[in-house]
Amino acid sequence: SDALDRSVKHGNKKMVYIFMSVAILILIIACINFVNLATARATDRTKEVGLRKVLGAVRGQLIGQFMMESVLYATLACIFSVGAVKLLMPAYTNFWNNPLIYAFVFGVIIIVGLLAGSYPAFLLASFRPSESLRGKLRKGNSGAFFRKGLVVFQFGVSVLLIVSVVII
């Protein structure tokens, strides 16, 4: 194994960091997309939230439900992506033999799921049951400002990535 390790040409550490940075930026863009889509979809789920609150659900239970849904989405996305990597790149099979990789992937699933699901979860849990069941929700400017800020940040990161690719 040691002789094999020496015979294999290793990559440039700087390039690995560049590609890792690009991957993290793409993941941030995907998280922002998820948050924006989940908050836009939140109005469709207001009656569900109102009904659950009327039936006795407390804010913590609702937040937990929406956070778990978000982590589940992140888990499913990770399963599909790992499956695609294993199918499309047989050369990376040794890469997946390291148990630290599985720990890292699990950590990414939890962090991405919780970060991407936190704003929609807290937004949905804050609806008043009486207003949500009647379909009359107050439109807050702080939520719209936050979503617009996310879109501007996402656009900035996208422009940064495009400029970087053009320069490279």
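This write-up is about the structure you can find in this document.

Overview of the environment of Ala30
Along the chain, Ala30 falls in helix α2 (residues 13–42). Expressed as a C-alpha distance, the spacing of Ala30 and Gln154, which sit 124 residues apart in the sequence, is 9.0 Å.

Points about the packing of helix α3 (residues 46–54) against helix α4 (residues 59–88)
Relative orientation and spacing of two packed helices are given, respectively, by the angle between their axes and the distance between those axes. Where α3 meets α4, the axes come as close as 10 Å, and the angle between the chain directions of the two elements is 140°. Relative to α4, the element α3 lies oblique. Between α3 and α4 lies a crossing of right-handed hand. Between α3, through Glu48, Val49, Arg52 and Lys53, and α4, the contact on the second element is made entirely by Leu62, Gln65 and Phe66. For the contact of α3 with α4, the class distribution of residues is three nonpolar, one polar and three charged.

Procedures and definitions
Residues numbered from 1 in each chain as written. Predicted model: local features only at pLDDT ≥ 70, side-chain atom pairs only at ≥ 80, totals over all residues. Heavy atoms only, no water. Helix = DSSP H or I, 4+ residues; strand = E, 2+ residues; numbered from the N terminus. Axes fitted to C-alpha atoms, helices over the stretch in contact; angles between N-to-C directions. Parallel < 35°, antiparallel > 145°, perpendicular 65-115°, else oblique. Left-handed = near helix turned anticlockwise from the far one by under 90°. Contact = heavy atoms within 4.5 Å. Nonpolar A, V, L, I, M, F, W, Y, C, P; charged D, E, K, R; others polar.

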